Amino acid sequence: MQQEKYDKSSWRKKCFYFLTYMFVLILVSYCWFSVKGRSIHSHVAIFCNPQTNTSRLDHLKEYSLERMMYEKPNTMNPPRTDVLMMTPWFAPIVWEGSYNIDILNAQFHQRNVRVGITVFAIKKYTVFVQTFIETAEKFFMVGHKVNYYVFTDRPNDITNITLPEGRQLVLLEVPSYQRWQEVSMRRMEMIRDYSRQRFINEVDYLVCVDVDMKFSDDVGVEILSDVFGTLHPGFYRATRQQFTYERRKESTAYIPPDEGDFYYAGGYFGGKVEEVYKLTNFCHNEMMTDKNNHIEAVWHDESYLNKYFLYHKPTKILSPEYLWDNGFGVPAVLKRRRFVAVPKNHNAIRNRRALSEDRRTTLKFHS
Ligand code: 4GW
Ligand code: MN
């Protein structure tokens, strides 16, 4: 009897010790997990001294504008009523009259913005580089830091241009492709690859444009945004049915006839390097999927770009002031022609086989 009582109390003691041990173990491991595992969460404050705790918010820079003189914006009198200046997803559409460049310059100067502009000069298109850069020096991002990234298979054909401080020319030697469609489409892959390796370390924004162009009026920081596209000069008044989106369901660039906001030009897009990386990566991957299925979208890189922008809405859109072709005349809505196509001598510039399939023939759609 005595023995049995003794056994019972010893068993209880053991039980008590075991439970206490388990409790302490759980408590210690909970504390440890809270500090180590979730140190970014706010409840860690219980364990940390708030005096020594640091936060990213402690290092925020304080930006403020200087006193400036300008006309007050008028709520009841919008600067333009003849064109759409805002998309339904609140992306501004940049037209002359919609912005104040002095305010924007002051903001972007404070952030010390660095802009990269990419062009491709493959084969005979090297002839366009000099005019492109010379006119850009007059009109493109004047007063800001600019890197010209010229992708070319013929670096020796590019004459060196001396540029002022803060602006530089970078030649990037790349392979050329036989088919002109491939030359145009592979731009996506190359911009993607150089964004990863180089652009992300050198610039904040990228502007990706055609090289057969010249600047004839200001193009400044008003174009910059997370990710932007440009209204194609041939289709800014067109209906959905007239847009030359890819209409074959077999292609990844397919857009159904009852979808689509705008027809964006393949020759002018950009944004933060991260966003341009995402865009070009998407377009290149979709092109490769199509290539494996032996299909190529009707307007090449432009078709994939339009597909991207349908489901990844741009945060800003440039009006055709930023990409014009004088073949379309000068409509009243066009207050400025900032970046204009250089007429090409197609026989001299393009390879013979391509002449029968000139891309511009479709542009008669316009007006
Ligand atoms: C037909 O023979 C060709 S060659 C069509 C485009 C060609 C081409 C284009 C080329 O031989 N080399 C080259 O560097 N490109 C690049 O692709 C260049 O940057 C050019 O601006 C861009 C798009 O071609 P594009 O300006 O001739 O296209 P559109 O007529 O639509 O502006
Ligand atoms: Mn072009």
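Residues numbered from 1 in each chain as written. Chains lettered and ligands numbered in written order. Predicted model: local features only at pLDDT ≥ 70, side-chain atom pairs only at ≥ 80, totals over all residues. Heavy atoms only, no water.

Got a sec to walk through the overall build of the protein? Specific residues and values, please.
Assigned secondary structure in the protein consists of 7 helices and 10 strands. For the protein, the residues scored as buried account for 44% of the 367 residues in total. Nonlocal contacts in the protein, meaning residues at least 24 apart in sequence, comprise 75% of its contacts between residues at least 6 apart. Working note: accessible area of the protein is about 21,500 Å², and carbon and sulfur atoms make up 54% of it. (Helix = DSSP H or I, 4+ residues; strand = E, 2+ residues; numbered from the N terminus. Buried < 20%, exposed > 50% of the residue type's maximum accessible area, 1.4 Å probe, protein only. Contact = heavy atoms within 4.5 Å. Areas by Shrake-Rupley, 256 points an atom, 1.4 Å probe, with all protein chains shown as cover.)

Could you give me a rundown of the pairing of strand β3 (residues 145–152), with the residues and numbers involved?
Buried residues dominate β3, accounting for 7 of its 8 residues. Assessed by its sense of winding, the connection that carries the chain from strand β2 (residues 114–121) through helix α3 (residues 129–139) to β3 is right-handed. In terms of strand pairing, β3 meets strand β4 (residues 167–173) through 7 bridges, oriented parallel. Opposite N147, over in β4, you have Q168 as the bridge partner. (Right-handed = clockwise from strand over helix to strand, strands pointing away. Pairing = 2+ DSSP bridges.)

Any details on the side chain of T244? Residues and values, ideally.
Within the fold, T244 resides in the loop between β7 (227–230) and β8 (268–272). Here Y263 takes part through its side chain, which lies 3.1 Å from a polar atom of the side chain of T244. (Polar contact = N/O pair within 3.5 Å; in protein donor to acceptor, adjacent residues only side chain to side chain.)

Tell me about the environment of R186, residues and numbers included.
Considering the arrangement of structural elements, one finds R186 in helix α4 (residues 180–202). Linking R186 and H300, residues 114 residues apart in sequence, is a C-alpha distance of 9.8 Å. Each residue touching R186, except ones within four places of it in the same chain, is listed here: Y177, H284, M288 and K291.

Break down the packing of aromatic side chains for me, citing the residues and quoting the values.
Evaluated as defined, the whole model comprises 24 aromatic pairs. Every member of this aromatic cluster is reached through a ring pair, and the members are W89, F262, Y264, F282, Y308 and F309. (Phe/Tyr/Trp six-rings, centres within 6.5 Å; stacked < 30°, edge-to-face > 60°.)

Outline the pattern of salt bridges, listing residues and values.
Between side chains of opposite charge, a pair can form as their charged atoms come close. Across all of its chains, the model carries 23 salt bridges by this definition. The closest approach of N and O atoms between K344 and D212, which form a salt bridge, is 2.4 Å. Of this pair, K344 sits in the loop between β10 (339–341) and α7 (346–349) while D212 sits in the loop between β5 (205–209) and β6 (213–215), and the two are 132 residues apart along the sequence. Each member of the pair, K344 as well as D212, is classed as buried. Of the charged contacts, one joins D218 and R336 as a salt bridge, the two residues approaching to 3.2 Å between their closest N and O atoms. (Salt bridge = Lys/Arg side-chain N within 4 Å of Asp/Glu carboxyl O.)

How would you sum up the confidence of the model for the protein? Please name residues and give values.
Confidence in the prediction of the protein, expressed as mean pLDDT, is 90, and 87% of residues score 70 or more. Every residue in residues 37–46 scores below 50 in pLDDT, and together they form 8 contacts with partners more than four places removed in sequence or on other chains. This stretch, residues 355–367, has a pLDDT under 50; its non-local contacts, to residues over four places away or in other chains, come to 30 contacts. (pLDDT = per-residue confidence, 0-100.)

Requested: an account of the environment of V146, with residues and values cited.
Among the structural elements, V146 can be located in strand β3. We classify V146 as buried; its relative accessible area is 0%. When the C-alpha atoms of V146 and L169 are compared, they prove to be 8.7 Å apart, with 23 residues separating the residues in sequence. In this view, V146 contacts V115, I117, F140, M141, G166, R167 and Q168; residues no more than four positions away in its chain are not counted.

How would you sum up the sheet that holds β3? Please name residues and give values.
Taken together, 8 strands build an open sheet; the order of strands is β1-β9-β7-β8-β5-β2-β3-β4 and the sheet is mixed. Sheet topology places β1 (93–94) and β4 at the edges, where each strand pairs with a single neighbour. The pairing of β1 with strand β9 (residues 316–318) spans 2 bridges and is classified as parallel. Pairing of I93 across the sheet is with I317, part of β9. Lying over the sheet, helix α5 (residues 273–292) contacts β5, β7 and β8, oriented at roughly 130° with respect to β8. (Axes fitted to C-alpha atoms, helices over the stretch in contact; angles between N-to-C directions.)

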